[in-house]
Amino acid sequence: MTATATYLSLLQWEWFRLRQRVGFWVVVGIAGLFVVGILAVTTLATSQSAVPLGIPPQGYPAAVFQGLSRLGPFFGIVLASFLLGSEFAWGTWRTLIARGERRHWTIHPKLLLGSGILLAVWVVAWCVGAGVGLIAGDESSSAIGDFLFDVPDGWGEAAATCFASLPVAMTYMALGALLCVASRSSAFGVGVGLAVVVAESVAYPLANVIVNGVYGFELHEYTRWTLWGVSNGIVGRDEMNAAWFLPAVLAYLIAFYGLSILIFGKRDVDSGSG
C-alpha cells in the first residue's frame, strides 16, 4: 500500500470512529441550532422593524459570520478534545500506535479531519444563510437566477467576511490539541482551553478600559499581536486591514500544531487520566 493510500485509510478510519460518537453530533447540532437561531432573530428583527431594515441577502451570511466568529474558538477546542483528548482518557493511543504506523501518522489524520469538519460547518452555515437571504432579502438584489448563474453584488465580500473566522476556529482547535497532548487529558484540554477563551474575552477589554482611564492610552495597541488580538483583527474588529492579521493567525496555527506533534512524538501516551 502506498503512503497516500495508507494516509487516506487512516483518515477514513478516524472519520468512522468520530461519527460513532453521540457527543460529536450533539456539538454539531448545537452549532446548527446556533446558526438557525441567528437567522431567526435576524429575520424577526427585519420583519418587525417599524422602519424596513432592507437587509440584502448577503446580510444573512454576514449575520451567521458574527455568530461563528464567537462560537468558533469554543467549537474548535471541543472538537480537539474529541479527536485527541479522548484517546488519552480511554488509553487507546497505544492501540493505535501498535498498528505499526509512525506516531505522526496517527495524529496528522486527526488534525486534518478536524480542519475538514470545521470547513464543512462553515460552508453549510454560509449556504444556509445565503438561502435564507435569497428568500427573505429584497427582490431587487436576490433574484434566484442571479444566484444560480451569476454572483449578486456584495456576495463575494460577504463570503470572505464569513470565512475569515474559519482560520480562527482552526487555530483554537490547534490550541486545544496542544493542551490535550501536553496534559494527556481531555478534561484538562477542554477546561483550560475554554478558560483561555473566556479570560481573553473578559480580561483584555477590561484591562484596556482601566489602562485607558488611568494612563490615557489604548492597551490594544500593545496586545494587537496576541492570539486574542489577531483573532479579532482577522474578523474585522481592528482598525487595521484584516488581511494584515492572516499571516499572524497562520503562524499561531502552525506553532500550535507543530508543538502538538513534537510533544506527541516524545512523550509517553499511556494515560487514562480523563
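Draft legend 1. Expanded view of the overall build of the chain. Broken down by element type, the chain carries eleven helices and zero strands. Helices (α) and strands (β) of the chain occur, in sequence order from the N terminus, as α-α-α-α-α-α-α-α-α-α-α. The burial tally for the chain puts 44% of its 274 residues in the buried class. In the chain, once contacts between residues fewer than 6 apart in sequence are set aside, the share between residues at least 24 apart is 76%. Summing over all exposed atoms, the chain offers an accessible surface of approximately 13,600 Å²; the carbon and sulfur share of this is 68%.

Draft legend 2. Representation of the confidence of the model for the chain within the structure. Looking at the chain, pLDDT values average 77 and 75% of them are 70 or higher. Element-level pLDDT for the chain is lowest in helix 6 (residues 144-149), with a mean of 41, against a maximum mean of 91 in helix 8 (residues 166-183). Overall, residues 50-54 carries pLDDT values under 50, and its contacts beyond four positions in sequence, including any with other chains, amount to three contacts. Taken together, the stretch residues 138-152 has pLDDT below 50 and engages in 18 contacts with residues farther than four places along the chain or on a different chain.

Draft legend 3. Quick peek at the side chain of R224. Relative to the helices and strands, R224 resides in the loop between helix 9 (186-215) and helix 10 (227-234). In this structure R224 comes out as buried when scored by relative accessible area, which is 8%. Within the structure, the side chain of R224 is placed 3.0 Å from the side chain of D238, a separation counted as a polar contact. For R224, the side chain forms a polar contact with the side chain of E239, separated by 2.8 Å. Here R224 is in contact with G229, V230, D238, E239, M240 and F245, once residues within four sequence places are set aside.

Draft legend 4. Examining a nonpolar patch on the surface more closely. On the surface, L206, I210, V214, Y215, F217 and Y222 cluster together into a nonpolar patch covering about 700 Å² of accessible area. Tracing the sequence through the fold places I210 in helix 9.

What counts and what doesn't
- Residues numbered from 1 in each chain as written.
- Predicted model: local features only at pLDDT ≥ 70, side-chain atom pairs only at ≥ 80, totals over all residues.
- Heavy atoms only, no water.
- Helix = DSSP H or I, 4+ residues; strand = E, 2+ residues; numbered from the N terminus.
- Buried < 20%, exposed > 50% of the residue type's maximum accessible area, 1.4 Å probe, protein only.
- Contact = heavy atoms within 4.5 Å.
- Areas by Shrake-Rupley, 256 points an atom, 1.4 Å probe, with all protein chains shown as cover.
- pLDDT = per-residue confidence, 0-100.
- Polar contact = N/O pair within 3.5 Å; in protein donor to acceptor, adjacent residues only side chain to side chain.
- Patch = residues over 30% accessible without salt bridge, like charges linked within 9 Å, V, L, I, M, F, W, Y side chains within 5 Å.
- Salt bridge = Lys/Arg side-chain N within 4 Å of Asp/Glu carboxyl O.

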